[in-house]
Structure formats: C-alpha cells, structure tokens
Amino acid sequence: MTDLHLIISPPEPGEWYGRLDVTEALEAAGWESDETRTVLRHPSGALWALLNESDDSGLDCPNGSVIEFPGSTPTVVVVAACLAAAATP
C-alpha cells in the first residue's frame with residue numbers, strides 16, 4: 001500500500017469551492033468524480049457526495065451505512081472517513 005500525502009489549502013475568505021479540498025484529496029486516493037465533481041465513487045462501492053452550498057456532504061459505505069457530515073466538519077475527518085470506508089471489506 002502506498003502512502004498518501006496531502007496538502008490541503010483552505011479557500012480564501014468569501015470563496016466557496018464546494019469542498020474542493022475533499023474532492024481533490026479523494027481523487028488523489030483513486031476515487032473518480034462525475035462531471036460536476038460533486039459525486040465521487042471508489043471501486044469498493046463507497047460514494048461521497050456534496051449535498052448543498054453549505055458544504056454538507058454524505059458518505060454511502062459499501063456495507064450500507066450512511067454518514068452525514070455537516071459543512072463545518074474538518075476536511076481531514078471527511079477524507080479519513082471516506083478512506084476508511086473504502087478500505088473496509
């Protein structure tokens with residue numbers, strides 16, 4: 001397994017990137033996005049989606065669990081949960 005090293009820069013005040021930080025981190029980890037970059041899928045069946053302009057998002061796990069993240073959830077928490085869900089058999 002290769003190590004994943006990420007540098008996540010927060011957006012400038014007043015700019016909204018739609019959790020671009022999470023999107024870029026998951027794409028670097030092998031997740032594939034749709035054309036809008038608001039839904040990302042992992043080959044394991046895990047799916048992360050941005051839900052609204054408040055940066056709320058959700059994670060559908062391969063085992064059927066669903067996790068919702070408020071927009072204030074730190075990037076590292078969302079990414080860690082997504083990576084853990086994708087790695088769970």
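Remember, it's a predicted structure, so these values are computed and weren't measured experimentally.

Can you explain the pattern of salt bridges? Please cite residues and give values.
Applying the stated criterion across every chain, the model contains 2 salt bridges. Residue arginine 19 pairs with aspartate 21 through a salt bridge whose shortest N-O separation is 3.4 Å. Just as arginine 19 is buried, aspartate 21 falls in that class too. The partner of glutamate 27 in a salt bridge is arginine 37, with the nearest N and O atoms 2.5 Å apart. Remark: arginine 37 occurs in the loop between strand E1 (32-33) and strand E2 (39-41) and glutamate 27 occurs in helix H1 (residues 20-28); sequence separation between them is 10 residues. Residue glutamate 27 is classed as partly exposed on the basis of its relative accessible area, which comes to 27%.

Tell me about H1, and name the residues and values.
Since the α-helix advances by 3.6 residues per turn, residues separated by three or four positions end up pointing in the same direction. Burial in H1 covers these residues: Asp21, Val22, Thr23, Ala25 and Leu26. Contacts from the buried residues of H1 go to E2, strand E3 (47-50) and helix H2 (75-87).

Give me the nonpolar core: which residues, what numbers.
With 16 residues, the main nonpolar core has Val22, Leu26, Trp31, Trp48, Leu59, Val78 and Cys82 as its most contacted residues. Of all elements in the fold, only H1, E3 and H2 reach the threshold of two or more residues within this core. Filtering out sequence-adjacent residues up to four positions away, valine 78 remains in contact with Arg19, Val22, Trp48, Ser57, Phe69 and Thr73.

If you had to explain the packing of H1 against H2 to someone new, which residues and values would you point to?
At a minimum axis distance of 10 Å, the contact between H1 and H2 shows a crossing angle of 35°. The crossing of H1 and H2 is right-handed. The segment H1 lies against H2, with Asp21, Val22, Ala25 and Leu26 engaging Thr75, Val78, Val79, Cys82 and Leu83. Looking at the contact of H1 with H2, its residues break down into 7 nonpolar, 1 polar and 1 charged.

Please provide a residue-by-residue account of the sheet that holds E2, values included.
Either a parallel or an antiparallel arrangement is found when strands of a sheet pair, and the pairing is made through backbone hydrogen bonds. Reading across the sheet, the 5 strands line up as E1-E2-E3-E4-E5 and stay open at both edges, with antiparallel pairing between neighbours. Only two strands of the sheet have a single partner each, and these edge strands are E1 and strand E5 (66-69). As defined by bridge partners, E2 adjoins E3 across 3 bridges and the pair is classed as antiparallel. Note on E3: the bridge partner recorded for valine 39 is alanine 49. Those strands touched by H2 are E3, strand E4 (57-60) and E5, and its axis lies near 15° from that of E4.

Basis of the calculations
Residues numbered from 1 in each chain as written. Predicted model: local features only at pLDDT ≥ 70, side-chain atom pairs only at ≥ 80, totals over all residues. Heavy atoms only, no water. Salt bridge = Lys/Arg side-chain N within 4 Å of Asp/Glu carboxyl O. Buried < 20%, exposed > 50% of the residue type's maximum accessible area, 1.4 Å probe, protein only. Helix = DSSP H or I, 4+ residues; strand = E, 2+ residues; numbered from the N terminus. Contact = heavy atoms within 4.5 Å. Core = buried A, V, L, I, M, F, W, Y, C linked by side-chain atoms within 4.5 Å. Axes fitted to C-alpha atoms, helices over the stretch in contact; angles between N-to-C directions. Left-handed = near helix turned anticlockwise from the far one by under 90°. Nonpolar A, V, L, I, M, F, W, Y, C, P; charged D, E, K, R; others polar. Pairing = 2+ DSSP bridges.

In short, the description is geometric, and any link to function would need to be established separately.
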